[in-house]
Amino acid sequence: MPDLLIELFSEEIPARMQARAREDLKRLMTEGLVQSGLTYASAGAFSTPRRLTLTVEGLTAHSPTTREERKGPRLDAPEKALEGFLRATGLTRDRLEARDDRKGQVWFATIEKPGRPAADIVAEVLDGVIRDFPWPKSMRWGTQSKTTGSLRWVRPLHAILCILTDEAGAEIVPLTVDGITAGNTTRGHRFMAPDAFTVTGFEDYASKLRRARVMLDPAEREAQIRSQAENLAFARGWQIVPDDALLTEVAGLVEWPVPLMGVIEERFLDLPPEVLQTSMKEHQKFFSARNPKTGRIEGFVTVANIDTADDGATILAGNQRVLAARLSDAAFFWENDLREAKAGMKAWAEGLKSVTFHNKLGSQADRIARIAALAREIAPLVGADPDQAERAARIAKLDLRSAMVGEFPELQGIMGRYYALEAGEPEAVADTARDHYSPLGPSDAVPTAPVSVAVALADKIDTLTGFWVIDEKPTGSKDPFALRRAALGVIRLLLEGKISLDLQSRFKSGLTNVFSDRASASELLYLDYYERDDDGQLLTVESWKEFIRSPSYEEVSEGRYDPHDRIILNPSECKQIISDHHIAWVEDVDTVEGYVVSEDKIIRLDDISWNLLSFLHDRLKVHLRDQGIRHDIIDAVLAQEGNDDLLQVVARATALNAMLATEDGRNLTQGLKRASNILAQAEEKDGVEYSFGADVKFADTDAERALFAALDTAEPAIGQAIATEDFPAAMSAIAGLRGPIDAFFEAVQVNSDNQILRRNRLNLLSRIRDAGRQIADFTRIEG
Amino acid sequence: MTSPNRPRSFQEVILRLQTYWARQGCVILQPYDMEVGAGTFHPATTLRALGRKSWAAAFVQPSRRPTDGRYGENPNRLQHYYQYQVIIKPSPPDLQDLYLGSLRAIGLDPMVHDVRFVEDDWESPTLGAWGLGWEVWCDGMEVSQFTYFQQVGGHDCRPVSGELTYGLERLAMYVLGVEHVMDMPFNDPDSPIALSYGDVFRQTEQEYSRWNFDQADTDTLFRHFKDAEAECARILGADRTDSAGRTIPMAHPAYDQAIKASHLFNLLDARGVISVTERQAYIGRVRALAKGCADLFLTTDAAGESA
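What counts, and at which threshold
The numbering scheme is per chain: residues are counted from 1 as the chain's sequence reads. Chain letters and ligand numbers both follow the written order, the letters beginning at A and the numbers at 1. Local features in a predicted model are, by the rule used here, given only for residues with pLDDT of at least 70; side-chain atom pairs are given and counted only at 80 or more, and totals for whole chains, interfaces and linings are based on all residues. The side-chain quantities take in all heavy atoms of the structure and omit both hydrogens and water. Criterion used throughout: strands pair if DSSP finds at least two bridges between them. For the purposes of this entry, the term helix denotes a DSSP run of H or I that reaches at least four residues, the term strand denotes a run of E that reaches at least two, and both are numbered from the N terminus. Note on contacts: a residue pair is in contact if any heavy atoms of the two residues lie within 4.5 Å. Whenever a helix is involved, its axis is fitted only over the stretch in contact; in every case the axis is a line through C-alpha atoms, and angles between N-to-C directions fall within 0 to 180 degrees. Buried area is understood as the total, over both parts, of accessible area removed when two parts are fitted together, assessed with a 1.4 Å probe. By salt bridge we mean one thing: a side-chain nitrogen of Lys or Arg within 4 Å of a carboxyl oxygen of Asp or Glu. Residues are grouped as follows: Ala, Val, Leu, Ile, Met, Phe, Trp, Tyr, Cys and Pro are nonpolar; Asp, Glu, Lys and Arg are charged; all remaining types, including Gly, are polar. Relative accessibility under 20% of the residue-type maximum defines a buried residue, over 50% an exposed one, and the middle range a partly exposed one, all with a 1.4 Å probe and only protein chains included. The split of the chain into domains comes from an automatic or database domain assignment. Under the rule applied, a polar contact is a pair of N or O atoms within 3.5 Å (in protein, one hydrogen donor and one hydrogen acceptor; residues adjacent in sequence only if both atoms are side-chain atoms). Residues belong to a common nonpolar core when they are buried Ala, Val, Leu, Ile, Met, Phe, Trp, Tyr or Cys residues joined through side-chain atoms within 4.5 Å. Residues qualify for a patch when their relative accessible area is over 30% and they have no salt bridge, like charges being joined within 9 Å and the nonpolar side chains of Val, Leu, Ile, Met, Phe, Trp and Tyr within 5 Å. Calculation of accessible area relied on Shrake-Rupley with a 1.4 Å probe; when residues are assessed, cover is drawn exclusively from the protein chains displayed. By the definition adopted for this analysis, an angle is roughly parallel if under 35 degrees, roughly antiparallel if over 145, roughly perpendicular if from 65 to 115, and oblique otherwise. Should the near helix be turned counterclockwise from the far one by less than a right angle, the crossing is left-handed, whereas a clockwise turn marks it as right-handed.

Asks: Help me understand the sheet that holds strand β16 (residues 296-304) of chain A, please; the structure alone is not making it clear to me.
Replies: Two modes of strand pairing occur in sheets, parallel and antiparallel, and in both the strands are linked by backbone hydrogen bonds. All names here are of chain A. Taken together, the 4 strands give an open sheet; going across it, the order is β13-β15-β16-β14, and neighbouring strands pair in antiparallel fashion. The open sheet is flanked by β13 (239-240) and β14 (258-263), the only strands paired with a single partner. Of the strand pairs in this sheet, strand β15 (residues 287-291) and β16 are connected by 5 bridges, and their pairing is antiparallel. Counted as the bridge partner of S288 is F300 from β16. Sheet contacts for helix α7 (residues 273-284): β15 and β16; angle to β16, the most-contacted strand, approximately 10 degrees.

Asks: Sorry if this is basic, but what is going on with the sheet that holds strand β6 (residues 104-113) of chain A here?
Replies: Residues and elements named next belong to chain A. Judged by pairing direction, the sheet is antiparallel, and its 3 strands sit side by side in the order β4-β6-β5 without closing on themselves. Edge positions in the sheet fall to β4 (66-74) and β5 (97-101), since each has one partner strand and no second. Across this sheet, the average inter-strand angle for adjacent strands is 40 degrees, counted without regard to direction. Where β4 and β6 come together, 7 bridges link them in antiparallel fashion. By the bridge assignment for β6, R67 is matched with E112. Contacts from helix α2 (residues 79-89) reach β4 and β6 within the one sheet, and its direction differs from that of β4 by about 170 degrees.

Asks: Just to check I follow, could you spell out the interface of chain B and chain A for this structure?
Replies: By convention, interface size is frequently given as the accessible area that disappears when the constituent parts associate. On the side of chain A, 46 residues touch chain B, which itself brings 44 residues to the contact. For the pair chain B and chain A, the summed buried surface comes to about 3700 Å²; carbon and sulfur atoms form 52% of the total. When residues of chain B are sorted by the area they lose upon contact with chain A, R116, E119 and R158 of chain B head the list and together hold 15% of the total. Residues R155 of chain A and D121 of chain B are paired through a salt bridge, measuring 3.1 Å at the closest nitrogen-oxygen approach. Going through the elements one at a time, α3 (95-105), β4 (115-119), β6 (129-138), β7 (141-152), α4 (168-176) and α8 (276-297) of chain B are the ones with two or more residues in the side of chain B that touches chain A. Residue contributions to the side of chain B that touches chain A peak at 5 residues, all from β4 of chain B. When its residues are assigned to classes, the side of chain B that touches chain A shows 22 nonpolar, 10 polar and 12 charged.

Asks: Please clarify how the pairing of β14 of chain A should be interpreted in this entry.
Replies: Each regular strand shows side chains that alternate between the opposite faces of the sheet. All names here are of chain A. Burial analysis of β14 places 5 of its 6 residues in the buried class, which makes it a mostly covered element. Bridge analysis of β14 against β16 gives 6 bridges, and the strand direction is antiparallel. Opposite V258, over in β16, you have A304 as the bridge partner.

Asks: Teacher, can you tell me more about the domain arrangement of chain B here?
Replies: All names here are of chain B. With domains assigned, chain B is organised as domain 1 (10-210) and domain 2 (217-297). Across the boundary between the two partners, domain 1 contributes 20 residues, which contact 20 residues of domain 2. For the domain 1 and domain 2 pair, buried surface summed over both sides reaches about 1800 Å², with 72% attributable to carbon and sulfur atoms. At the junction of domain 1 and domain 2, the tally comes to 0 salt bridges. Taken together, the links from domain 1 to domain 2 amount to 5 residue pairs in polar contact (both at pLDDT 80 or more). In terms of residue class, the side of domain 1 that touches domain 2 is built from 10 nonpolar, 7 polar and 3 charged.

Asks: In this structure, what is going on with the nonpolar core? I would like to understand it.
Replies: If you look at soluble globular proteins, the nonpolar side chains tend to sit buried side by side. Counting residues in hydrophobic clusters, the biggest one holds 233 residues, and the most contacted among them are I160, L616 and L656 of chain A together with W21 of chain B. Setting aside anything within four residues of it in sequence, one finds I160 of chain A in contact with E7, L8, L126, I130, L175, V177, I180, T181, A182 and G183 of chain A. With 47 residues, the next largest nonpolar core counts C157, I274, C293 and L298 of chain B among its residues.

Asks: Hey, could you run me through a nonpolar patch on the surface in this one?
Replies: Among the surface-exposed residues, I193, L195 and V200 of chain B lie close enough to one another that they form a single nonpolar patch of about 260 Å² accessible area. Note that L195 of chain B resides in the loop between α4 and α5 (197-215).

Asks: What is the right way to read unusual backbone geometry from this model?
Replies: What you tend to see is this: most non-glycine residues have negative phi, and most peptide bonds are trans. Note that the residue after S438 of chain A, namely P439 of chain A, is joined by a cis bond; omega there is -5 degrees. A cis amide bond links K89 of chain B with the next residue in sequence, P90 of chain B, at an omega value of -10 degrees. Relative to the assigned elements, P90 of chain B resides in the loop between β3 (80-89) and α3. The phi angle at D178 of chain A is positive, at roughly 50 degrees, despite the residue not being glycine. D178 of chain A gets classed as partly exposed once you look at its relative accessible area, which sits at 28%. Even without glycine at this site, R213 of chain A takes up a positive phi of about 60 degrees.

Asks: Help me understand the pairing of β4 of chain B in this model?
Replies: All names here are of chain B. The element β4 is largely enclosed, with a buried count of 4 among its 5 residues. In terms of strand pairing, β4 meets β6 through 5 bridges, oriented antiparallel. Across the sheet, V115 pairs through a bridge with C138, a residue of β6.

Asks: Could you clarify how one ought to interpret the environment of A482 of chain A in this entry?
Replies: With respect to the helices and strands, the residue A482 of chain A is situated in the loop between α15 (450-469) and α16 (483-496). Along the chain, A482 of chain A and L464 of chain A lie 18 residues apart, while their C-alpha atoms are 9.5 Å from each other.

Asks: Mind showing me how you'd approach the environment of S438 of chain A here?
Replies: Residue and element names in this part refer to chain A. Looking at the secondary structure, you find S438 in the loop between α14 (427-435) and α15. Put simply, S438 and K460 are 22 residues apart on the chain and 9.7 Å apart in space, counted from C-alpha to C-alpha. The residues touching S438, leaving out its near neighbours within four places in the chain, are D444, A445, P447, A456, K460 and L493.

Asks: Got a minute to help me understand the pattern of salt bridges in this structure?
Replies: Note that side chains of opposite charge can pair when their charged atoms are close. A full pass over the atoms with the stated rule returns 67 salt bridges over all chains. The salt bridge involving R16 of chain A is made with E119 of chain B; its shortest N-O contact spans 2.7 Å. On the criterion of chain membership, the pair formed by R16 of chain A in helix α1 (residues 15-35) and E119 of chain B in strand β4 is interchain, its members lying in two chains. Of the residues examined, R16 of chain A reaches a relative accessible area of 58% and is grouped as exposed.

Asks: Can you walk me through the packing of helix α13 (residues 414-422) of chain A against α14 of chain A in this structure?
Replies: Axes are the key here: two packed helices are described by the angle between their axes and the distance separating the axes. Residues and elements named next belong to chain A. Interaxial distance between α13 and α14 falls to 6 Å at its minimum, and their mutual angle equals 160 degrees. As the angle between them shows, α13 and α14 are arranged roughly antiparallel. Seen from above, α13 lies across α14 with right-handed handedness. Here I414, G416, R417, A420 and L421 of α13 come into contact with α14, specifically with E427, A430, D431, A433 and R434. Taken together, the residues that form the contact of α13 with α14 break down as 5 nonpolar, 1 polar and 4 charged.

Asks: How do you make sense of the side chain of S9 of chain B when you look at a structure like this?
Replies: All names here are of chain B. Position of S9 among the secondary structure elements: in the segment before α1 (10-23). Reaching out from S9, the side chain makes a polar contact with the backbone nitrogen of E12 at a distance of 3.1 Å. What S9 contacts, discounting residues up to four positions off in sequence, is L176, P185, F186, N187 and D188.

Asks: Would you mind going over the side chain of N643 of chain A with me for this structure?
Replies: All names here are of chain A. Mapped onto the secondary structure, N643 falls in the loop between α22 (631-638) and α23 (646-660). Accessibility expressed as a relative area gives 12% for N643, which makes it buried. Among the polar contacts made by the side chain of N643, one reaches the main-chain carbonyl oxygen of L638 at a distance of 2.7 Å. In this view, N643 contacts W610, L613, H617, L638 and V649; residues no more than four positions away in its chain are not counted.

In structure tokens:
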């Protein structure tokens, strides 16, 4: 059982690609080996900046010999038939065997395919893996890059080590890829041990590498960095600010980690801790060290890749110098920004007018104005003061214009809070700057302060409606504007904040804002009043225009009015028209003699709003499914009125879910579905809708009368419960119908020959259907 | 920095790099005589990275970045600075070692310092060029850009060139242990007339900062941009055969106009008269010129595509 060792030695592999590359190497090699008939006991993959390594233990030495038996012609068959069989099997006559068959004696051939030695298979599989390695970005290099088919690798590949080791010793796997011949040597640390050495197996390899100042296992490097950094910090009474992503990255930048601790100069300690941390991390990949006594970030740990004669003194001094230059820049930004903040941030507000948010959605200033209008509208619904919410929305994104956020975009909001406080804004407004972007991911907390919630919702709704208007919806895996995240943000804000919000109205407000911004922009094409004339024909472009704004007498008399001109409306005119008339929008309209010929370019506000709501419903389904609520239950609830109030949707779905977990609930559902089916069939057959008029005096049986009585009790109870949004109560009220419905179907034949009885019973069933419909569309429940 | 081998002045750093790369067999060129934003714009890099012919050159290139002007006050930001550029085609297998040798040559011993290759892919939208490589860190400071050119002017590089760019001021300040660029000794501090970087460049930094930010006449710049663009297009479209019947494509004169347009765009940008949306359009226009020049260069003997 030999062991396999592979090392692909290259110039520095980007840290962020190493983990994936290790996994890919392991997966592709082991899959390839197994497909070729080898088996193995275990495999492990490792990486450093300069090497990808795979060890496979307990590999079979050969792929197995395979045997195939084939039946040939009868012994008395013509010579030609036998010759054909020999050709097909590649055997000679003496290798055939005569066996008894039902109809006499028949030739049998046994074809043996010998197994192949592991070395051949490894060479073949590795060659393919190297040539087709799935690097996210790869390159060509050197003389060989003159030819079109030259090898691609993440950076120049220098050497391949590939050996099979068993009791007899190590054997080099014969393999040459694009001029690189596999061998049994590698090199140590670039500076501390650059010479080549021979290895005989994984143990030997790993221990010789360690002597040559290379720590092969990334997990070990991480552990080493973590513990040494913590020790260095502990010695000063400090704590390292944990940062796993940085730890992984740094471990991918060194073969021999040597953490060194430095102190931040006194003059920088007043910078906000987030600034220190971000600057050190982004620019220099330093860990931050916090002094628990002062709460400030006062030190850093940098991780060098070398042991030096001066114990890293030169390296630390150099890093300290670079840090000072970086932090001087940061301090310069901070001081300038504070000055601007103190002056009220007017220049930033002004500056955002010239910053494009999206070329079809106007500037950041336009966007902020829209968010402010929405926030004001939403405020009373979430318990916030409308003035304060609007103010907060206007302040929240001003830091986008600050020098600090220009340098470190990830500090957006965090700086906004500092600057808002400096500008004298109240805490609630300042906090909104920091919190309104949240939640950013599934694990990010949701803001709870009412003003922050109002602005966070307005921000996300504006983003969604805006991109829906310009038809930049997410498709497949593409979601460049993070609209799924925005939708999930809205869902979490509403559900976790227990906020009841009619999303359709908010979407329409958002859409109206976006529309009127666009309509007043210079690229305005046409506004369309969406109406058909008596023949169902769309009104001509001219007549809409006249509808929208009749030209003045002067314009006509002075010849300034040309019906083919675009009429540019001011924003308030647009807004008025849009909200009065459910206006729609026509872009790049094709007209022939004034008539619209391509209706598909007409976008209706309602259509967009519905489409957006269904997108939110889809996200909600995913969200609820993760919480164990079945998709058919959600569908049954979403088919109801009021499905744009997500809090209500979830309350209904949860109550329904609980009810369906009981036997009563399941039986009731069957009863409701049965009632619906019978009704639907009868209605289709008779061409009428049975919807009222069931009269107890035509009840023929006790079961029927009992159902009347049960409905008389249940209906008001359900109505009451729904009105107060007490869905569990609604569920128990309807659950009370289970017995009477079952008994009814047991005792009564609905489709009676007596038409009066039949109609009455159908109308009774419609009461059942209506009772169910108040809660959910039970026909969508599966099973 | 503790090394006894350490240079004593800015110019000594440059001279040692020149000597080192000359010894490695590079042609030591002089700076290109036009305003450029980076050494990459030198035709010895951009155009020579195209085609099959081998090439090895090193040179200092004065580079102008109008938006980086700080009136000579910032310790390490300048609107005019020097880049050192090395370009070798095809990229030699030991380019990393050659590069590390150049650091030793200017007194940075990798056994004392922490030298690292950190992922940084290079892209020049104006040149339609990109490559993979690293920024090289020395004790946490970026001292060079190291790139394997994959595409230039929209063409695959066959073969690939290796390109090294050193930011000379920053590198020299580190080697010499100077905190402010203007304090850096330009020539040997023991010279009879010792001159600092500030003695040479403080005045010009002030003057150009003012002109770049406040004074440059934007109408004139716009006009010059259009002129350069038109002239470039005209040259590219000219008959390849002259009146005497000789076939002489004029890739280099056309490329000069593309460089000019690129620098004029940088000046306009510094004056703040190009909006975010227009920016992309301007970059696209310069790229179209650069691409036309690359296409034409590939037809020349210097590219050796047919060889």
